[in-house]
Structures are given as structure tokens and as C-alpha cells.
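As a plain string of letters, each chain reads:
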Amino acid sequence: MSTTQQQEERETLLRHIGKSVTRVDLKAKMTGRAIYGYDFSLPHMLHGKIKRSPYPHARILKIDTEAARTLNGVRAVITAWDVPNSLYGVMLKDTPMLARDRVRYVGEAVAAVAADSLEIAEEAVDLIKVEYAPLPYVTNVEKALEKESVVIHPDLPTYKAGPPFPVRIDPNRPNVGNHYHVEHGNVESGFSEADFVVQNRFETAAMQHMHLEPSCAVARAEPDGRVTIWSATQSPYMIRQQISDIFQISTSRIRVIAPYEGGGFGSRLEVHSEPVAVALAMKSRKPVKVALTREEVFTSTLVRHPFVVYIKDGVKRDGTIIARDMKVILNGGAYSGGFGMSVCRNCIFGAVSTYNIANFRFDSIRVFTNAPPGGAFRGYGSTQVDWAIECQMDCIANELHLDKIQIRRRNLLHAGDRNAIGETMKDVNHHGVVERVLEKLRLDEPRQDYDSGPWRRGKGFALTTKYTTAPTASAATVRVLDDHTVILFVSGTEIGAGSDTIYSQIVAEELNCPVESVIVSGPDTMFTPFDDGANSSRRTYYLGNACRMAAQDARQQILERASRALQVPESNLMVEDWKIVERNGSKSIKVSELFLKDQTRSGAFLPGSGDLIGRGVWHERVGFLDPVTGRCTTDRAVTYYTPVATGVEVEVNEETGFMRVLNIYCAIDVGKAINPLSVEGQIEGGVVQGLGGAICEELILQDGKPINANLADYKVPLSLGTPHVQAIVLESPEANGPYGARGVGEGPITGISPALANAIVDATGARVYDIPLTPEKILAAINLKAKQRK
């Protein structure tokens, strides 16, 4: 029997996996009964507001809170001198909860109040008077990299680092917060042997996460000294750890409960309003809610790192790239941004996972500036690097007059190859995703020459690969009840992607019961087991595996008890719809009959253990990158790689620079689509978010201050203007994934920008080197091209 036939036979035996099961949270959300973090409230709750800096860089000379403290209805006022003098952060402890001696960006928190109503809190914040001494500031990342630049963190060498990856500062460049280097082969020798050298500079802009629900937290200080926090976070355990670091409270004394979350995209891995809510709750001794406004989300949370990418390639006449040198400069903003420091490391994986280049050098440098902090964002560094690489691939093809697809095929990494950091490429199906997109894009068709005035049509292509980070871990617990219900305890937050449905399908598959029998308990660090959070397309793989193991553990316990009750070997028993039946026999017993029901007045229990509980943990160890060569200490630095191909069709107006996006095709190899409809939704959502970053989204700073920090001025794609998006799903099983599945959430965002830029070149011959691809930039490129032709 062939491998394909074996796979098909296995799939025919699956009951729930591979089916577009209705989302388990559909009814709650459709009826408006789902409680989101912004909806949450408690009796006698106070409302908190934060006083923020109007300066990009300044010394704090004096804070006068007297008028705010004496305002009727104000219950607490805090400044940096009312909270622990500690810094927090994930990889670098550099961020104060409230600015103590200086502010480093517009929107930084300086003081906070808690009052009986939101209106009183807002009035009180306005009454706080802060005296500043403005300092020189820098928001341009390349200027900040200069030795003579304004120094953002004079005490940077004294800051403590956090696990698991080292932070590498540069004493000679005081604003460098992290630096990673990769050296593979002999790059200079490769350039000397090349027939052509192609080099370019590309740039990306700051982009807001634009989750629909603004950040919010409610905190309550308990009478015994414990703290309870309700936060719509992507990682309850990360919030718990950071609150522990800030307040020097044991994690066992901190409880984080995560309601439904209206999106995150990386921003909500980090604390925002939680520390202030806790501090105000401690001081007022009442529950406090701190809900950020949309403007505060724009100015005072996180953005996607703006990148400057220099790329230089040495190429043979046949299109073989024999040397590549990349310098990537990340505008990190004022602070480490939680996971922001690891973007400097992880963007390497986007640069080494698609093409096989014998001589490769890569430097990624994260630089502090007086801009809003850069943090985790869907794509996590790959998107910005892929923007440069995939534009560069078309630049090479155009300069050498080679086919754009063939040059990619010629340089591809294949399964079994080692990439530039020494990883062995496994389960990568680049060829498959390329072919599926080309079937739709039809690049071999002659260009349509029609009477369209100034409009010109073009097609663009990009090939990218998204990693899933490691090391991380997930745990799951299932509790089987006597009424044939199973409760799944997980700390993976439901951020809108349908993950609770995926977990329910996996548990139901392993227990061979209806999906409706599974109840997913919301994250609560007092009861739900450890999880590293909703990030890096990891939940289906990590938490999916943990759920599967927990269900298998529970099933094994059921079979063991049924075997004793029926006097039948376990190997001859199977579970089906909460009944254990003998294979090819007549004996059977219901799961409910394994419980004792008539021995107490309080319900059923399981003899010997009380409850039927299954547990599962999934954790993968990987190597670390050598600080000198960037080479991995093992053959794996990430969990897996997911290949993505993107094709677009556009029309460009040569007189105005306006671009109409007609069609987008995105092919991604998901390993196994556990819920096909959910997979398609993730692809479509990622594509449209990528479209926003490609054509319109940019947080603009003027004199160090964001000037479009609202939904009127910050432009995003709207439903009526969204082009046709076709999701193309391939299934080449991931070896260790649950049923062969791998994550899908981030990959679709990575290729949109370069595919569109390449399509503009195809249509007009003009290239734009920085995103977003606005009409002004496109028109300027068209006019420049026209001058060059003359």
C-alpha cells in the first residue's frame, strides 16, 4: 500500500478531525453573551486612568498630585514613588511601570488614579501637573545607531536579562539593545566569484496591531495578600510572571483569569494596563478596572517593528545565488517591548528557511529610539525580512533577464538540506505551494492588452516560510464526569481563531465521543495548567498535542477500569460514544457505570481516585544560536517551518499611482487541516492583515508624536474594499504534529507585501522599496522610471 493510500485509509477512520465542525463558542458570541475583557466588571469596582507623557524624551522634575488626590470620588493616586522601584520585561528588564526620572516616548505612563467613575478618573488625571525638562530625542533608527546619537538608556549595561535567549548589547553603540550575527561559508569569496552583484535597501513602517478590543484589565487585591487579575491576554502565565517580577510577589499568590479576547496579534503577550490596575487595587483596597482607549492602544502599547534592510547578493549567470549579505536594523522604540528583543533573533529564521545559499552573512540589530516600543506582531520579524528578500529575488531576475519562478526554484532549500544556521530542513513542501499558486496565477498567459487608459495590469509572486518558535511548552488536563461530559482544562486563550473548537475536536476524536460532550474551561492560572501562550502559530501543534495526550491518558484509564469490570483484556476493548464494548464480543459497559453513584448523597465518584483525570504535556527542546557564527548547537532551532506561496493580480493607474488589488491567492501547507473552515478563515484573515501593512497601515510620527493615533486617520482595509482572496490548503503531514497538523495563523501575512510590489513592477516597470505602497510612492516610482528611460 502506498503512503498516500495509507494516509487516505487513516483519514477515513477519523471521526472529527478534518471536519468543519461548528465553533463551540458560536452561540455565545452570536447572541452577545460572551464576556470579553472589556465587558468585565465587579461590584464596587473603581475606574483607573493613566497620566501620560506628551514628550518623546524629557526629565521629570516634579509631579503635583494634590489636586487630584483631593477631588471628590478619587480613591487612589499613584506615581513611581508609590510602587516598587523595579524594571520588567521578558528578555530584558528595562521597563518601569511608571516613569520615575525620565520619559522616553510620547504616551509613556507617568501617574495613575482610581476613582468611583470613569468621568471622575479622567478629571483627576487632568488635574495632575507634571513639570518636564525636554531632552534631545531621536526616532530615526539609523541616526540612533550612530555613536554620537542621543542615548536612550544610559543604564543599559546594568539591566538584567531574562530567559531563554541571551541579549547582546554593544558597548560601542549605546542604543543597541540586541545584536545577532550569522556567518555561513565565505561571503567575500562568494562575491568575488559572482558574475553579478545586486544590492538594495528596503524599509517597512510601524504598524499597529489593530485588535478590535482595546487592552483592559481588572485587578482585585485579596484580603490575604493574593492578587486576582482578569485580563484578555494572549498568555495568562506570562502576565502572572511579569506581575510577579514587578511587585516581587510569588507567582503562587497571583491568579490570572482570561475572558474572551477580541484579537491580539502579539500585542497582548505583554502587560499593558495590568500592573497599573494591580497597584491601584492594592492602594485603594477595591477592585480597579483600567481600560485603555483606542488612542492609548495606538500610542502606549506596542507596534510592529519598523525595519531597514540592506541586502546584497552575489549571483551566477544562471541565477544561482552564491553569496548573500544582509543587515537588518530594527527600530525597537523606547523599551524592549516584552518579546521585542526576540524579534531581533527570530527574524533570522525568515532569512534562512527558503533559499539554499552557500555563503551567507546576516546581522540583525535592535536599536532603542524615542518611538513607541516595538513588540511581537503576527509574523514576528519574518514579514519584514521576507518583504526585502522576495522583492530582491524579482530584482535579480529582472536584472539578469531570468524567469522569476525559475530563479526561486533554482535556489530552493529541500527536505534534508541544511540551512545557513545548521538546521536540517524537514517536512517542507515549497514545491507544492508554488505549483498550486501558479495554477491560479497563470503567469504563462500573455499580458492582456486592452484599452484601459492609464490602467496597467500586473501579477506578482512571493515565496516565504514561517517558523514556529521553540522552546515552548503546553499542558492540558481532561476530567471525565459520570454524565458523559468531559471538561478540558487549558490555559490557551481563545483570541478569536477558533482554538477552543480545535481542542474539542481533538479530545472528542481520542475519546470517540461527540464534540458536544467537551466543555473547554477558560484559562485560570489557579486551576488550568501551564501554557506558553497564543503566539507563533503554536497552539494547534503544542496545545493540540497536549490535549491529545491528556485524552489518551483518560481513555487508557477508562479501558483499564472497564477491563477489570468486564474481565476482558484491554486490547479487546474500544470506547465508542461513552460505551466500552468488546471487539467481536457481546460484553459492554457505559463509562457512567464505572462511577459509584449510590454510596453518597452528593453525587458520583470514581473508586480509588475520586475523579477520572487525564494529563498531557508537550515540550520540545531545541538548540541555541552560537554568538559568533549564529550556528545552531543542534540540528533544530525552531519547532517546524511552514511554506507559503502568494500570488496577486493588480491594476495600477500610471497617472495617479492608485492600485486596485483584484485577486490574492495564498497557498499554505498546514500538515493537516483539523478544521478546514477555520484554516481558511485564518488564511483569509492573515492575508487581509498583510494587505493593510502593504498598502495603507502606518503609524506616523511627527516631532516624536504619533499624529494618526485614531481610527479616522489610521487607515486599514475595509470589508467593502477587500479583494477576492482564495485560500489554498495543502496537507503534507508534520511528523510530530497532532494528526500531522502544523500552525497556520502567521504564514499568510508574510508574502503579501512583496507580491504586491512585484506586481507593480510587472505592471509599470517601477519599484517601490518601502511599505506601505501608497499611491504617492507608486507615482513617484513611476515618474522616476520614466526619467530614467529618457
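Look a little higher up for the structure.
From a predicted model like this one, the values you see are computed outputs, not experimental measurements.

S.K.: Explanation requested: the sheet that holds strand S29 (residues 612–619) in the structure shown.
M.R.: Each strand in a sheet pairs with another by means of backbone hydrogen bonds, the pair being arranged parallel or else antiparallel. With respect to topology, 4 strands assemble into an open sheet ordered S25-S24-S23-S29, the strand pairing being mixed. With one partner strand each, in any of the chains shown, strand S25 (518–521) and S29 form the two edges of the open sheet. Ignoring strand direction, the axes of neighbouring strands in this sheet form an average angle of 20 degrees. Along the sheet, helix H14 (residues 499–511) contacts strand S23 (473–480), strand S24 (486–489) and S25; its crossing angle with S25, the most-contacted strand, is approximately 135 degrees. Along the sheet, helix H15 (residues 539–566) makes contact with S23, S24 and S29, crossing S29 at roughly 145 degrees.

S.K.: Where do I start with the packing of helix H7 (residues 236–247) against helix H8 (residues 274–284) in this structure?
M.R.: If you want to describe how two helices pack, look at the angle between their axes and the distance between the axes. One way to put it is that H7 packs onto H8 with a least axis distance of 10 Å and a crossing angle of 55 degrees. When the axes of H7 and H8 are compared, the pair comes out oblique. Two packed elements cross with a definite hand, and for H7 against H8 that hand is right-handed. Residues Ile239, Ile243, Ile246 and Phe247 of H7 form the contact with H8, whose participating residues are Glu274, Pro275, Val278, Ala279 and Met282. In terms of residue class, the contact of H7 with H8 is built from 8 nonpolar, no polar and 1 charged.

S.K.: Is there a simple way to explain the packing of H14 against H15 in this structure?
M.R.: Interaxial distance between H14 and H15 falls to 8 Å at its minimum, and their mutual angle equals 30 degrees. If you check the angle between H14 and H15, you find them roughly parallel. As for the relative orientation of H14 and H15, their crossing is right-handed in sense. Residue-level contacts link Ser499, Ile502, Tyr503, Ile506, Val507, Glu510 and Leu511 of H14 to Arg539, Thr540, Leu543, Gly544, Cys547, Arg548, Ala551, Gln552, Ala554 and Arg555 of H15. The residue inventory of the contact of H14 with H15, partitioned by class, reads 9 nonpolar, 4 polar and 4 charged.

S.K.: What's the story with the environment of Ile778 in this structure? I'm lost.
M.R.: With respect to the helices and strands, the residue Ile778 is situated in helix H18 (residues 775–789). By relative accessible area, which is 1% here, Ile778 ends up buried. Residues Ile778 and Phe658, 120 residues apart in the sequence, show an inter-C-alpha distance of 7.5 Å. Among residues more than four places away in sequence, those in contact with Ile778 are Val652, Gly657, Met659, Ile760, Val768 and Leu773.

Calculation notes
- Every chain's residues receive numbers from 1 upward, in the order its sequence appears when written.
- At least 70 in pLDDT is required for a residue's local features to be given in this predicted model, at least 80 for side-chain atom pairs to be given and counted, and no such filter applies to totals for whole chains, interfaces and linings, which use all residues.
- Think of the side-chain values as coming from all heavy atoms in the structure, minus any hydrogens and water.
- In this scheme, strands are said to pair when DSSP sees at least two bridges between them.
- Going along the chain from the N terminus, every DSSP run of H or I of four or more residues is numbered as a helix, and every run of E of two or more is numbered as a strand.
- Comment: axis = line fitted to C-alpha atoms, over the contacting stretch for helices; angle = value between 0 and 180 degrees taken between N-to-C directions.
- The contact criterion used throughout is that any non-hydrogen atoms of two residues lie within 4.5 Å.
- Each angle is binned into one of four classes, with values under 35 degrees roughly parallel, values over 145 roughly antiparallel, values of 65 to 115 roughly perpendicular, and all other values oblique.
- Left-handed describes a crossing in which the near helix is turned anticlockwise from the far one by less than a right angle; the clockwise case is right-handed.
- Classification used: nonpolar for Ala, Val, Leu, Ile, Met, Phe, Trp, Tyr, Cys and Pro, charged for Asp, Glu, Lys and Arg, polar for all others including Gly.
- Exposure categories follow from relative accessible area, calculated using a 1.4 Å probe and restricted to protein chains: below 20% of the type maximum is buried, above 50% is exposed, and the middle band is partly exposed.

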